[in-house]
Amino acid sequence: MARTRLIAALILTYVAFAMLLNSVGTVILQSISSFDVTKPEASTLEGFKDITIAIVSFATASYLPRLGLRNSLLAALALAVLACLVMPLIGSFNAARLHFAMVGAAFAVAKVVVYSMIGLVTADARRHASLTSLIEGMFMVGVLSSYWVFSAFIDPTGLRWLNAYWVLAAVCALALVLLLTARVDETPAHIGDEGSAAEGPPFIAMLRLAALPLVLVFVFCAFVFVLIEQGIATWLPTFNNEVLHLPHQMSVQAASLFAASLAIGRFGAGAVMARFDWYPVLNTCLAVLAALIILVLPMAEGVPPGVIHNWADAPAAAFLFPLIGIALAPVYPTIISVMLSAMPRRNHPPLMGLVVVFSALGGTTGSVITGAVFANLDGRTAFTLMLVPTAILAAGLFLLRRRIAVTSGPVLS
């Protein structure tokens, strides 16, 4: 019962942060119209979120077990509630920057804690991979919910859309209350602390971990994956609005199809990974991703403005392009599970700290590059160029598999 309650708290926490983090695409779209900012200015919201995630994660990840994983997560959820209140109470572009910085700081702690706790409530690698896929799948359910919560409040004029943050504050508060009722034995997270104490401050141990060739390849793959995912997710509402000429509300709702595809892909990944080796599965996913980009984006060309008023008028690209989420979905949780299953539990927090740092940097890089290409060329070109990091990611997975094959257990211990 206690284990079930804790897992439920972890899942709801991840759903809450999914709704907050992935609202950035919607907020960019609305900020351009509500606060009269340019696309390059709007793209900085991703940086306020991700750079904060990177800094806080690097500074705190290795210390979290000493502070208490549960206590750290409670503090992160409290900060997330406060971040939600900032938006409707202040209502400006600078408030949005502050909001995403606060959310980024909270998520930097939450992600490390959640993934570290997965190792505390699972007994073997198979169960670890299953719970990881479930939590990542629920993350995408949170992303999907975020699009629809915001679309319910979007008004062509005014700041009514900011009222969506009252709903998000309530979700974060519910996760906080649920976690308060849960208990967890954190002892396994401290095994080996005596031996590592002589190595100096915890962040030094994180840097030593980062020097391992296997870990370097792993965090590189995480960086490139998030560059692709966030580059698309952040700018998809704007792509729907300016390239496909969907109305604002429909643009946000159509973007939710990408989140739905990611959710379907991650829920399905657990069953697929239980039967097949991860490497050929992920390569197949990347091949399908590239094929969809090549085949679907030409359909977005030449859509006339002002003729789309309902879903029956929407072009096929609005429905087909988001399906790339199914192909993208299995990559991230699979490579994380492969690495965590190979590492001692005491190394999970610093490893996840590295993942969060490089994922955050990848998200900012993807958003800024995509936004710059979008502003200077066009949205279709910006998304077509995602073929480049897709090819790089395929090369990274090849190197990752080779490093796993040649790296022995003692190197990771």
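Preceding this section is the structure that the text describes.
Throughout what follows, the structure given in this document is the object of discussion. All values derive from a computational prediction rather than experimental measurement.

## Some words on the overall build of the chain
For step 1, the next point in the chain: In terms of helices and strands, the chain carries 20 helices and 0 strands.
For step 2, the next point in the chain: Whereas a compact globule of 413 residues would reach a radius of gyration of roughly 22 Å, the chain reaches 21 Å, a difference of no more than 12%.
For step 3, the next point in the chain: Across the 413 residues that make up the chain, the buried fraction comes to 57%.
For step 4, the next point in the chain: Residue pairs at least 24 apart in sequence account for 85% of intrachain contacts in the chain once pairs closer than 6 positions are excluded.
For step 5, the next point in the chain: Once the 21 positive and 18 negative side-chain charges of the chain are each reduced to a mean point, those two points are 10 Å apart.

## Some details on the environment of V303
For step 1, the next point in the chain: Structurally, the position occupied by V303 is in the loop between helix 13 (278–296) and helix 14 (316–320).
For step 2, the next point in the chain: Residue V303 is classed as buried on the basis of its relative accessible area of 15%.
For step 3, the next point in the chain: In this structure, the C-alpha to C-alpha distance between V303 and M352, residues 49 residues apart in sequence, is 43 Å.

## What to know about empty space enclosed by the protein
Take a probe with the size of a water molecule and roll it over the atoms, and the empty space left behind shows itself.
For step 1, the next point in the chain: Enumeration over the complete set of coordinates arrives at 2 cavities of 30 Å³ or more.
For step 2, the next point in the chain: Empty space within the largest cavity amounts to approximately 330 Å³.
For step 3, the next point in the chain: Lining the largest cavity are 25 residues, and of these F107, K111, F139, E229 and Q230 sit closest to its centre.
For step 4, the next point in the chain: Per-element accounting of the lining of the largest cavity gives the leading share, 5 residues, to helix 7 (residues 125–153).
For step 5, the next point in the chain: Grouping the amino acids of the lining of the largest cavity by side-chain chemistry returns 16 nonpolar, 3 polar and 6 charged.

## Observations concerning a nonpolar patch on the surface
For step 1, the next point in the chain: On the surface, a cluster of nonpolar side chains totalling about 650 Å² of accessible area is made up of L257, I264, M299, W311, F319, L320, L323 and I326.
For step 2, the next point in the chain: Contributing elements (two or more residues each) for the nonpolar patch: helix 12 (248–273) and helix 14.
For step 3, the next point in the chain: Its place among the elements puts W311 in the loop between helix 13 and helix 14.

## Looking at the pattern of salt bridges
For step 1, the next point in the chain: If you walk through the whole model with that rule in mind, you get 3 salt bridges.
For step 2, the next point in the chain: The salt bridge involving D50 is made with K49; its shortest N-O contact spans 2.8 Å. Considered together, D50 and K49 belong to a single accessibility category, that of buried residues.
For step 3, the next point in the chain: With its nearest N and O atoms 2.8 Å apart, the salt bridge here joins R401 to D277. A residue pair is termed long-range when its members are at least 10 positions apart, and R401 in helix 19 (residues 387–406) and D277 in the loop between helix 12 and helix 13 qualify at 124 residues.
For step 4, the next point in the chain: On the basis of relative accessible area, D277 is assigned to the partly exposed category, the value being 35%.

## Section: helix 11 (residues 213–242)
For step 1, the next point in the chain: Taking 1.5 Å per residue, 30 residues should reach 44 Å; helix 11 reaches 43 Å between its end C-alpha atoms and fits that length.
For step 2, the next point in the chain: Maximum bend of helix 11: about 50 degrees, positioned at L236, with proline P237 one to four residues after it.
For step 3, the next point in the chain: Burial of helix 11 is extensive: 25 of the 30 residues sit out of reach of the surface.

## A look at unusual backbone geometry
In most cases, non-glycine residues show a negative phi, while peptide bonds are predominantly trans.
For step 1, the next point in the chain: Phi is positive for D36, which is not a glycine, with a value near 55 degrees.
For step 2, the next point in the chain: Inspection of the secondary structure assignment puts D36 in the loop between helix 2 (24–34) and helix 3 (39–60).
For step 3, the next point in the chain: Positioned with a positive phi, H245 is a non-glycine residue whose angle comes to about 60 degrees.
For step 4, the next point in the chain: Tracing the backbone through its elements, the reader meets H245 in the loop between helix 11 and helix 12.

## Side note on the environment of S256
For step 1, the next point in the chain: Mapped onto the elements of the fold, S256 is located in helix 12.
For step 2, the next point in the chain: Along the chain, S256 and P322 lie 66 residues apart, while their C-alpha atoms are 8.3 Å from each other.
For step 3, the next point in the chain: With residues up to four places along the chain from it excluded, the contact list for S256 reads L144, Y147 and W148.
For step 4, the next point in the chain: At 2.4 Å, the side chain of S256 forms a polar contact with the backbone oxygen of Q253.

## Side note on the state of the cysteines
For step 1, the next point in the chain: All chains considered together, the criterion is met by 0 disulfides.
For step 2, the next point in the chain: Unpaired in this structure, C84 has its nearest cysteine sulfur neighbour in C172, at a distance of 4.3 Å.
For step 3, the next point in the chain: Among the residues examined, C84 registers a relative accessible area of 0% and is labelled buried.
For step 4, the next point in the chain: The thiol of C285 is not disulfide-bonded; the next cysteine sulfur, from C221, is found 14 Å away.

Thresholds applied
Residues numbered from 1 in each chain as written. Predicted model: local features only at pLDDT ≥ 70, side-chain atom pairs only at ≥ 80, totals over all residues. Heavy atoms only, no water. Helix = DSSP H or I, 4+ residues; strand = E, 2+ residues; numbered from the N terminus. Rg over C-alpha atoms; globule rule 2.2 N^0.38 Å. Buried < 20%, exposed > 50% of the residue type's maximum accessible area, 1.4 Å probe, protein only. Contact = heavy atoms within 4.5 Å. Lys, Arg positive; Asp, Glu negative; His and termini not counted. Charge placed at Lys NZ, Arg CZ, Asp CG, Glu CD. 1 Å grid on protein atoms, 1.4 Å probe; cavity = no way out; pocket = protein on both sides within 12 Å on 5 of 7 lines; lining within 4 Å. Points joined across faces, edges and corners; volume = space filled by probe spheres on them. Nonpolar A, V, L, I, M, F, W, Y, C, P; charged D, E, K, R; others polar. Patch = residues over 30% accessible without salt bridge, like charges linked within 9 Å, V, L, I, M, F, W, Y side chains within 5 Å. Areas by Shrake-Rupley, 256 points an atom, 1.4 Å probe, with all protein chains shown as cover. Salt bridge = Lys/Arg side-chain N within 4 Å of Asp/Glu carboxyl O. Expected span 1.5 Å × (residues − 1). Bend = angle between axes of the 7 residues up to and from the residue. Polar contact = N/O pair within 3.5 Å; in protein donor to acceptor, adjacent residues only side chain to side chain. Disulfide = S-S within 2.5 Å.

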